[in-house]
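# Summary of structural features
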Number of protein chains: 4
Amino acid sequence: MFRKGRFEKEMEASASSYTDSLEEDVRLFKPVVQINMAHTIMLADRGIISKPDSSKILKSLLNLYNTDVAKLDMSPEFEDIHMVVEEFVIKEAGEVGGKMHTAKSRNDQVAGAIKIALRDEVLKVQENLIELVNSLLSQSEKNLNTLMPGYTHTQIAEPTTFAHYMAAHSAALLRDIKRLDDAYESLNSCPLGACAFAGTSLPIDRNQVANMLGFKRLDDNTIDSVSSRDFALQIMSALAISMVNMSRIAEEVLLWSSVEFNMIEVPDEFASTSSIMPQKKNSVVAEIARAKAGQIFGDLMGALSLMKALPLSYNLDLQELTPMLWNAIDQTRDAADVMSKMMAGVKPNKDVMKNRVKSGFSTATELADTLVMKLGLPFRDAHAIVGRLVLNASREGKTIDQLTVDDLKSASKDALEKKIEISESDFTAAIDPANAVAARGLPGGPAPKTVAAQIKILRDKTKQHTKILKVRDRTVHETEQKLLKRVRELSR
Amino acid sequence: MFRKGRFEKEMEASASSYTDSLEEDVRLFKPVVQINMAHTIMLADRGIISKPDSSKILKSLLNLYNTDVAKLDMSPEFEDIHMVVEEFVIKEAGEVGGKMHTAKSRNDQVAGAIKIALRDEVLKVQENLIELVNSLLSQSEKNLNTLMPGYTHTQIAEPTTFAHYMAAHSAALLRDIKRLDDAYESLNSCPLGACAFAGTSLPIDRNQVANMLGFKRLDDNTIDSVSSRDFALQIMSALAISMVNMSRIAEEVLLWSSVEFNMIEVPDEFASTSSIMPQKKNSVVAEIARAKAGQIFGDLMGALSLMKALPLSYNLDLQELTPMLWNAIDQTRDAADVMSKMMAGVKPNKDVMKNRVKSGFSTATELADTLVMKLGLPFRDAHAIVGRLVLNASREGKTIDQLTVDDLKSASKDALEKKIEISESDFTAAIDPANAVAARGLPGGPAPKTVAAQIKILRDKTKQHTKILKVRDRTVHETEQKLLKRVRELSR
Amino acid sequence: MFRKGRFEKEMEASASSYTDSLEEDVRLFKPVVQINMAHTIMLADRGIISKPDSSKILKSLLNLYNTDVAKLDMSPEFEDIHMVVEEFVIKEAGEVGGKMHTAKSRNDQVAGAIKIALRDEVLKVQENLIELVNSLLSQSEKNLNTLMPGYTHTQIAEPTTFAHYMAAHSAALLRDIKRLDDAYESLNSCPLGACAFAGTSLPIDRNQVANMLGFKRLDDNTIDSVSSRDFALQIMSALAISMVNMSRIAEEVLLWSSVEFNMIEVPDEFASTSSIMPQKKNSVVAEIARAKAGQIFGDLMGALSLMKALPLSYNLDLQELTPMLWNAIDQTRDAADVMSKMMAGVKPNKDVMKNRVKSGFSTATELADTLVMKLGLPFRDAHAIVGRLVLNASREGKTIDQLTVDDLKSASKDALEKKIEISESDFTAAIDPANAVAARGLPGGPAPKTVAAQIKILRDKTKQHTKILKVRDRTVHETEQKLLKRVRELSR
Amino acid sequence: MFRKGRFEKEMEASASSYTDSLEEDVRLFKPVVQINMAHTIMLADRGIISKPDSSKILKSLLNLYNTDVAKLDMSPEFEDIHMVVEEFVIKEAGEVGGKMHTAKSRNDQVAGAIKIALRDEVLKVQENLIELVNSLLSQSEKNLNTLMPGYTHTQIAEPTTFAHYMAAHSAALLRDIKRLDDAYESLNSCPLGACAFAGTSLPIDRNQVANMLGFKRLDDNTIDSVSSRDFALQIMSALAISMVNMSRIAEEVLLWSSVEFNMIEVPDEFASTSSIMPQKKNSVVAEIARAKAGQIFGDLMGALSLMKALPLSYNLDLQELTPMLWNAIDQTRDAADVMSKMMAGVKPNKDVMKNRVKSGFSTATELADTLVMKLGLPFRDAHAIVGRLVLNASREGKTIDQLTVDDLKSASKDALEKKIEISESDFTAAIDPANAVAARGLPGGPAPKTVAAQIKILRDKTKQHTKILKVRDRTVHETEQKLLKRVRELSR
């Protein structure tokens, strides 16, 4: 495109297709058009180009804005979307089209366009994550009293409820949403006017352009503007962490829906069967979500490696970061979407869960705590006694609900040569999982009332985030409408 | 340690050394002692243990607090620092020591201790990054008028100043500091009371403990408390991104101090020579800083992979994340420290820079801009004309300062068959790099006055961060002193 | 597809599009058809299905083989290419088509198809890497006497030749080719017959199928067959390492084509200019190749994370590894291709290189070696003396070719208070870079004759690899032709 | 150390400690001494240094060889182990010690020393992996008839045996061992004589040194010798893949030892209990091994990022790769060691496994295959019928062993409106898991006899590898002894 001044030879075909970014740039089409609109208006306002010239350019940009990107001429010779847009305008508006690129470079334009596109994308990811949180919290609300074993080290540990687990995942996902909030804030700064990296001597107005594009502030330094992609790395990190959190939900879905655990039923619409084993019900959605986490780690790793040791300012390497960014965005958004639907339909097998809690010695800690409270034993002694009780029971093939105070007494003797006294009712209360759960009414704990309180807190946070999202979305949208209105007026 | 109830066999030696974490836990020693102090006070306040018992325990914890960690008994059988602390107390305070672990688990304790240690560490990293920013801004202040070529694609592009480059790096690093701010905020939430993951039925007071340990709030859900390490992943991401930014400074130091660029002099104290080539001056500090970035990416990647698809709640896998976290912290802190010292001593070779700017066609854009402004040419035409001027000059072996208005005119004819008129003085002004830089007075640009303005903005941000740091540091410190004071009173 | 027996509900649309793999499976189309051909022939030969049935199936498979994949019905309900193929056959051949899937599962079929596709792809990557080696070795041959400074720590160190550098990169790339060789060997093992993972009780003949598909041997264990993708991880590692090696060539191209180094001229066809700076010549191909390395690291990292802690046997997670594998393949192949063309056209600026060698103290080591050999000094003393000589010269602004024996003598005095005697001719010989290079005639060294010897060795290795490639390519191709011939006969 | 000629200032303390590598270099101590021995002998043989001088040096090196590395002076000013060794010799042997460094550089020496150390380390990793394979194969041998459900998608799929699973993991690990074999071969090439990167004009004999150090061949190009670490990347890749394979064993241990699966008993010596839940038995060794995989991915990723875009030849960045390499080596070796011990003690709960196979519809495929074979149904029809049978049974709460031929007939009607006839005995045989397994006698399949055959194949491969290991180990050891003998003779 720009070769004619400098070079005598065209680019080698393989080199040209190797370095063009047209396919990936489609996502930047509208933002690039918007930037050109805002920039052109400013150029005219500042007298850098004439009103009639700007009018022609804006008219053509408006046509372009309403054109389906699929219908544009995307020949590789155009290198990138920036050139496609410029060519379109020059073709329509004539030679004056060339003035649109005054005091502007692909370097600042691409940074600006990525940020504009990203603002939208981040909001969409957050929206889907909020959906997932809501889906989990609804499960939580419905299952405040659904007893289930809680796990540590993939081993049954203590009794809790399905509600408590669902709230735990929600709490983690809310931090993901918060991280994206921070990242949004960090990217909402305008690079336009940085030009190649050193600004321009033409009397442009950076603030006007930033305002028209809905940016909150200007980048502080023009070299930094075109050289940095840490805003993208920050978002990719937040996405990778969020995929970690979703992969953990996926893992539990897979574990719990196994025949052996049999604690939840995954809705048929989110499962598949086997081409060879007709009895199978495979949680394929959970498998894919789990696997995709790795892919997003890869995107982040690729982007970090790419940025390492790049000298300032712009290098074409930066172009290769963007596809990884979009992939991380898309995959996280899709994972949140499909998981929110799946989790809404998951059904806990309440009886299985309850029976497993009862038989699994999960109230051992509660029993030890009781020994501490009622008998004043040091916790370590209580631990040793109950440990022995469990060992003895295992040997005799008994489950905890089959044990008596006498078993406890002899365990105490075996373990510490210590006589203890405890009432039948205290003993029975301690080993009843529903009691144990209800007793754990501390903030954040599993008791139905405190989980209800957690849900309230988490719902409130979710609402707050929704509010922020809406404000941001409206701001961006209204800014765009205002810009288009102005363009329409000026292009008449 | 806790095996005697449950198991009959000791752990296999290789298994025991494979799973213990004592070496890495040293960092958690003081935080673990503090947690035990706060927890014991709370237990006594709530009547869960008696005042005399708590007094004995606290006395022993105070002794322990003042003990050099290197002198503790760290036999592998203790598994981790939590057991070492408990053993110490039991040994000193007798059997009542066992009560300290009431309503507490290693699961919540380790999460709490990591967060306490991390609060300190994050502040230290930020402090060093601030040092580095200050070091760069001082260079910037001293070099507002130090002309140098600015680069894109590792090619000389347009003139700018050394000040502008140093400010660019500062702006990026300030975002790193901000990201650590966000991460600090996100980690400052107390997991204590989560116990194994399901809380306890004992009437503990989570808020009291959180307050005594200086946490801003409670974790919302106790399962999440012991299962999650996204606070660590968030910090590691921020560190990895910061290492990217420092590796880019390092790369430029290496590039610019090469014989070919010869644009800066690295202080001898940060360089080494060769065992075989006596003439060499190698920027080894920059090389190590560049290389370390990769290591931190590895830490982050390791941590993400480790967390992927882990079912809730606690799994011992989490233990293996911590060493990677500490390494990322240490390496980033050290890199910032040594680079801030090195960058303070870097000397720009002003004459070399100036000559290169003059001879390198770097004012070509300025010349094109002039054609746009003075002659009203579309930018694309101006670009084509100047492109041809450069091509012609290269062929004749001329540099830009040897060119005349006539050369420009004939270039215009060659490129576009177009006659142009421009005054000698406009031409001369356009191709003078000092003029070009001075003319670029837009916000964020290279003109000395606007760089001065940037420095002010960046200094202000730095001061704001320093203020936050100090407040946080004081808060943590005063909280600790208050806790110790209380312990001293109660252990009398 | 297979849902009708097991489920009552269709898959949710988002879940179905989330889990299908049709887009990525296009690459497996032909391999899947081939597998079905070989499998059907075997089923008929073993009497598991009747000859007429097999004849109908094969006829339809042959049609399918000759069908453009773009024209196939790829509705998401088909989930993957396996189902698309089966549906096609059932549609054409009628109900007997269903027999094709006897004693076969998607699990073994997909592993087999990936391996078949991969055999081809690996050969193509190797072919392009060989092209690149040849391109570098041709440069090497043409530049045996092209003196240039050699670098350590990005600093001029000792004199060498452009030929020596080009041979160095070739040697590294030949190890990449070798690694792909090893990986090819490792993947050339047939999973077919593993079915879902436990084989079948039907009397199939695994060896016959393996032979017809050109596999060298059978997988040893059928669970392992469908569970493992380490063959893909091995290839992705080899590709990542090869991208490292190519990124290093790219880095040097960028460095050396900078105005400051000015040591090579990149052909115009592989460079671009700037939209704003008409004088720029940017090595964009090298930038993209450098950046892409990061992407391939990401693919590898994603794949490793994905595989971590997956229980056996087949999990749908494995499906998500394949796109990362293909991307790594494609990017490495393209990088090698475009770099081989670019490197063929690179022109060393011989005069610049020579002058830099002369002026850059690069012969200091040679001078020190001379002091060792001629005067019997310990190397450390010689090092100290020459170091001081360089320091003194730098201070006086002299380059090495301006120094005299007297300068050396006084440096010796300054450094060690030692008097030395050396003849003018020895001194002059030592500091002449062409002499220094010619003198380094040891194997692997820079002397023109030994570089010529290296080139011979490297060319021989390249030829050996080419031979292996050709044999493998022919084997695969002939096997396929034989299979098709057999299908044609049987489907008549 | 070498500063005195070139610099006037000492290195800044923080810079010096930032760039020294002494701690990590301990591992290179003996290799560096050996290299100096071989090099000195060669220098004397070639007349480059005198016999008496070499004698003094060798004597001192022999003393050093027998010195505990912990007792050496490791002051940071020495930078690295190379200087420590040289200083020791100079101190003991006097000024002639300085001659040892003639025609040698730290650049080639460090590459050589890493390779020598690595040869040993790789053999040790392989040894432990072989142990693990043997441990798994012994389990396999003991459990040829131990029926268990085989899984796909974490769902019970078809019956197989514990032996078949253990053999599957063995097959994967044997590929890991093979990859390390290839890597060993690739690293066994000598860089010595490359000096800084350009060799030397002194008449050294590279082949003699390579022989004395047990290298198989010379590196082809001296620049490549000091610049490349792809041998390390190749090994790290192989280790990362091996950690993937071990993490999958670990995951199954965790899954299968859960209360819900209850299919294996992990030996107490490899488990721990909880500080709060006395009934717990946690497979902590498996958890750590699973987690460590992530760390090794991180090491690899760090190393790849570090190497990306490094210009040739030596850069100090390379120094930072080595600690990641050693960590990957150590962790893989330890994982294999502790897992081989743990897996030797794992006990399958045979009854649980058998009951689960019976009740879990795992023979559904076998039943479908029977319909294909006995009735000539297309597989898809058989699949649909058996799918419906399973659905009906699930609804009625029946397990497969409670079903009858009539159930099958009505399922056929429900699914396809098709009447089928099958004998009671064929039906019963098909749904008996022991029958199903025994019938799958194809190579690689689960039938006891074919698993026995697999074990033989895998044992043979293991033996072959053991043989290679022993030869390599002996070669290296004998070469070292020969060198020491020669040194003793010459230093008299």
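Counting restarts for each chain, with residues numbered from 1 along the sequence as it is written. Each chain gets a letter, beginning with A, and each ligand a number, beginning with 1, in the order they are written. In keeping with the model being predicted, local features are shown solely for residues with a pLDDT of at least 70 and side-chain atom pairs are shown and tallied solely at 80 or more, while totals for entire chains, interfaces and linings include all residues. To get the side-chain values, take all heavy atoms of the structure and skip hydrogens and water.

### Details of the relation of the copies chain C and chain D
Structural alignment of chain C on chain D gives an RMSD of 0.0 Å, achieved by rotating through 180° and translating 0.0 Å along the axis. The superposition operator between the copies reduces to a two-fold rotation axis. Minimal C-alpha separation from the rotation axis in chain C is found for C:Ser237, amounting to 3.0 Å. We superpose the copies by least squares over the C-alpha atoms of residues that have a pLDDT of at least 70 in both of them.

### Some points on the pairing of strand E2 (residues 155-161) of chain C
The rule is simple: take the accessible area with a 1.4 Å probe, protein chains only, and divide by the maximum for that residue type; under 20% is buried, over 50% is exposed, in between is partly exposed. Under the DSSP-based scheme used, a helix requires at least four consecutive residues in state H or I and a strand at least two consecutive residues in state E, with every element numbered from the N terminus. Where burial is concerned, most of E2(C) is hidden: seven out of the seven residues are buried. The hairpin turn running from strand E1 (residues 147-152) of chain C into E2(C), its antiparallel successor, is two residues long, and C:His153 in that turn takes a positive phi close to 55°. For two strands to be treated as a pair, DSSP must find no fewer than two bridges joining them.

### A few points about the domain arrangement of chain A
One frequently used descriptor of interface size is the decrease in accessible area upon assembly of the parts. Entries for chain A in the domain assignment read domain 1 (13-102), domain 2 (117-144 + 162-200 + 217-350) and domain 3 (364-431). Taking only C-alpha atoms, the centre of domain 1 of chain A and the centre of domain 3 of chain A are 78 Å apart. In this document the domain limits rely on a domain assignment from an automatic tool or a database.

### Description of the side chain of B:Asp80
Turning to its location among the elements, B:Asp80 is positioned in the loop between helix H5 (51-65) and helix H6 (81-93). The class for B:Asp80 is buried, based on a relative accessible area of 9%.

### Description of unusual backbone geometry
For the peptide bond that leads from A:Leu312 to A:Ser313, omega is -10°, which places it in the cis range. Looking at the element boundaries, A:Ser313 is found in the loop between helix H12 (284-307) and helix H13 (321-345). Of note, B:Ala309 is a non-glycine position whose phi angle comes to about 60°, a positive value. Within the element layout of this structure, B:Ala309 appears in the loop between helix H12 (284-307) and helix H13 (321-345). In this model, C:Asn262 sits at a positive phi of 55°, which is unusual for a non-glycine residue.

### Re the interface of chain C and chain D
Each partner contributes residues to the interface: chain C has 114 residues there, and chain D has 114 residues. By definition, the buried area sums, over both parts, the 1.4 Å-probe accessible area that each loses when the two are put together. Regarding the contact of chain C and chain D, the summed buried area is about 9,500 Å², with carbon and sulfur atoms giving 60% of it. It is C:Asp220, C:Arg248 and C:Arg380 that lose the most area in chain C upon contact with chain D, and together they represent 9% of the buried surface on that side. Where D:Asp220 meets C:Lys461, a salt bridge forms, and the shortest distance between an N and an O atom there is 2.7 Å. Any pair of N or O atoms that falls within 3.5 Å is considered a polar contact. Within protein, one atom must be able to donate a hydrogen and the other to accept it, and sequence-neighbouring residues count only if both atoms are side-chain atoms. Linking chain C to chain D there are 46 residue pairs in polar contact (both at pLDDT 80 or more). Sorting elements by how many residues they give to the side of chain C that touches chain D places helix H11 (residues 230-256) of chain C first, with 13 residues. Counted by class, the side of chain C that touches chain D contains 50 nonpolar, 35 polar and 29 charged residues. In this analysis, two residues are considered to be in contact whenever any of their non-hydrogen atoms come within 4.5 Å of each other. Put simply, a salt bridge is a Lys or Arg side-chain nitrogen that is within 4 Å of an Asp or Glu carboxyl oxygen. Charged residues are taken to be Asp, Glu, Lys and Arg, nonpolar residues to be Ala, Val, Leu, Ile, Met, Phe, Trp, Tyr, Cys and Pro, and polar residues to be all remaining types, Gly included.

### Observations regarding the packing of aromatic side chains
Residue and element names in this part refer to chain D. When two rings of Phe, Tyr or Trp (its six-membered ring) have centres within 6.5 Å they constitute a pair, described as stacked for plane angles under 30 degrees, edge-to-face for angles over 60, and tilted for the intermediate range. Under the criterion given, the structure shown has 14 aromatic pairs over all chains. Measuring from centroid to centroid gives 6.3 Å for Phe162 and Trp256, while their planes differ by 55°, and the two rings are tilted. Here Phe162, found in helix H8 (residues 162-187), pairs with Trp256, found in helix H11 (residues 230-256); they are 94 residues apart in sequence, far enough to count as distant. Trp256 carries the same exposure label as Phe162, and that label is buried. Here the aromatic rings of Tyr165 and Trp256 are separated by 5.1 Å at their centres, their planes lie at 80°, and the arrangement is edge-to-face. Residue Tyr165 is located in helix H8, and its partner Trp256 is located in helix H11; the two are separated by 91 residues in the primary sequence. Taking relative accessible area as the criterion, Tyr165 reaches 0% and is therefore assigned buried. Overall, Trp256 belongs to the buried group, its relative accessible area being 3%.

### Let's talk about a negative patch on the surface
Residues and elements named next belong to chain A. For patches, a residue must show more than 30% relative accessible area and have no salt bridge; joins then use 9 Å for like charges and 5 Å for nonpolar side chains, namely Val, Leu, Ile, Met, Phe, Trp and Tyr. Note on areas: Shrake-Rupley, 1.4 Å probe, and residue coverage restricted to the protein chains presented here. Here Asp and Glu are counted as negative and Lys and Arg as positive; His is not counted, and neither are the chain ends. Every charge is mapped onto a representative atom, which is NZ of Lys, CZ of Arg, CG of Asp or CD of Glu. Where like charges cluster on the molecular surface, the negative patch consists of Asp120, Glu127, Glu131 and Asp473. Sort the elements by how many residues they give to the negative patch and helix H7 (residues 106-142) lands first, with three residues. Among the secondary structure elements, Glu131 is positioned in helix H7. By relative accessible area, which is 45% here, Glu131 ends up partly exposed.

### With respect to the packing of helix H7 (residues 106-142) of chain C against helix H20 (residues 448-490) of chain C
Residues and elements named next belong to chain C. The geometry of H7 relative to H20 is characterised by a closest axis approach of 10 Å and an angle of 160° between their N-to-C directions. Relative to H20, H7 is oriented roughly antiparallel. For the element pair H7 and H20, the recorded crossing hand is left-handed. When H7 is examined against H20, the residues Arg119, Asp120, Leu123, Gln126, Glu127, Ile130, Val133, Asn134, Leu137, Ser138, Ser140 and Glu141 are found in contact with a partner set consisting of Val451, Ile455, Leu458, Arg459, Thr462, His465, Thr466, Leu469, Arg472, Asp473 and Val476. Among the residues making up the contact of H7 with H20, the classes are represented as nine nonpolar, seven polar and seven charged. Axis lines are fitted to C-alpha atoms, over the contacting stretch for helices. Their N-to-C directions set the angle, which ranges from 0 to 180 degrees. These descriptions rest on fixed angle ranges, namely under 35 degrees for roughly parallel, over 145 for roughly antiparallel, 65 to 115 for roughly perpendicular, and the rest for oblique. Each crossing gets its hand from how the near helix is turned against the far one by less than a right angle, where anticlockwise is left-handed and clockwise is right-handed.

### Focus: the pattern of salt bridges
Considering all chains together, one arrives at 146 salt bridges over all chains under this definition. Across the salt bridge formed by A:Asp337 and A:Lys341, the nearest N and O atoms sit 3.3 Å from each other. A residue pair is termed a helical-turn pair when its members lie 3 or 4 positions apart in one helix, as A:Asp337 and A:Lys341 do in helix H13 at four residues. Taking the relative accessible area as the measure of exposure, A:Lys341 reaches 33% and is therefore partly exposed. Close ionic contact of D:Glu87 with C:Arg380 constitutes a salt bridge, the shortest N to O distance being 3.0 Å. With one member in each of two chains, D:Glu87 in helix H6 (residues 81-93) and C:Arg380 in helix H16 (residues 379-396) form a pair that bridges those chains. In this structure, a network of salt bridges that share partners links the residues A:Arg175, A:Asp176, A:Arg179, B:Asp224 and B:Asp230.

### Things to note about the packing of helix H5 (residues 51-65) of chain C against helix H6 (residues 81-93) of chain C
Residues and elements named next belong to chain C. It is the contact of H5 with H6, at a shortest axis distance of 9 Å, that shows an interaxial angle of 120°. When the axis of H5 is compared with that of H6, the two are oblique. Considering the relative orientation of H5 and H6, their crossing is right-handed. Residue-level contacts link Lys56, Ile57, Ser60, Leu61, Asn63 and Leu64 of H5 to Val85, Phe88, Val89, Glu92 and Ala93 of H6. Tallied by class, residues from the contact of H5 with H6 come to seven nonpolar, two polar and two charged.

### Quick notes on the nonpolar core
We call a set of buried Ala, Val, Leu, Ile, Met, Phe, Trp, Tyr and Cys residues a nonpolar core when their side-chain atoms join them within 4.5 Å. Counting 604 residues, the largest nonpolar core has A:Trp256, B:Trp256, C:Trp256 and D:Trp256 as its most contacted members. The contact partners of D:Trp256, leaving out residues within four places of it in the chain, are D:Met148, D:Tyr151, D:Phe162, D:Tyr165, D:Met166, D:Phe261, D:Asn262, D:Met263 and D:Ile264.

### Focus on the relation of the copies chain D and chain A
Two chain copies, one operation linking them: a rotation about an axis together with a shift along it. Superposing chain D onto chain A requires a rotation of 180° together with a translation of 0.0 Å along the rotation axis, leaving an RMSD of 0.0 Å. Of all interface residues in chain D, 100% are interface residues in chain A too; the two copies therefore contact each other through one and the same surface.

### Section: the pairing of strand E1 (residues 147-152) of chain A
All names here are of chain A. For E1, the buried fraction is high: six of the six residues fall into the buried class. Pairing of E1 with strand E2 (residues 155-161), which is carried by six bridges, proceeds in the antiparallel orientation. Residue pairing across strands places Tyr151 opposite Ile156, the latter belonging to E2.

### Looking at the side chain of C:Asp80
Residues and elements named next belong to chain C. Among the polar contacts made by the side chain of Asp80, one reaches the main-chain amide nitrogen of Met83 at a distance of 3.2 Å. Within the local environment of Asp80, its side chain forms a polar contact with the side chain of Arg106, the two groups lying 3.2 Å apart. Asp80 has contacts with Ser21, Leu22, Asp25 and Arg106, leaving out every residue within four places of it along the chain.

### Some details on the interface of chain D and chain A
With 42 residues of chain D at the interface, the matching set in chain A holds 42 residues. Summed over both sides, the interface of chain D with chain A buries roughly 3,600 Å², with 57% coming from carbon and sulfur. The largest share of the area that chain D buries against chain A comes from D:Gln155, D:Glu260 and D:Gln279, three residues that together contribute 19% of it. Residue A:Glu260 pairs with D:Arg356 through a salt bridge whose shortest N-O separation is 3.9 Å. In this structure, the connection of chain D to chain A is made through nine residue pairs in polar contact (both at pLDDT 80 or more). For the side of chain D that touches chain A, the elements supplying multiple residues, two or more each, are strand E1 (147-152), strand E2 (155-161), H11, helix H12 (284-307), helix H15 (364-375) and helix H16 (379-396) of chain D.

### Some words on the environment of B:Pro149
Residues and elements named next belong to chain B. In this structure, Pro149 sits in strand E1 (residues 147-152). With relative accessibility at 0%, the residue Pro149 sits in the buried group. Sequence separation between Pro149 and Pro433 is 284 residues, and the spatial gap between their C-alpha atoms is 9.1 Å. Dropping the residues within four chain positions of it, Pro149 is found in contact with Ile156, Glu158, Thr160, Tyr165, Met263, Met353, Arg356 and Val357.

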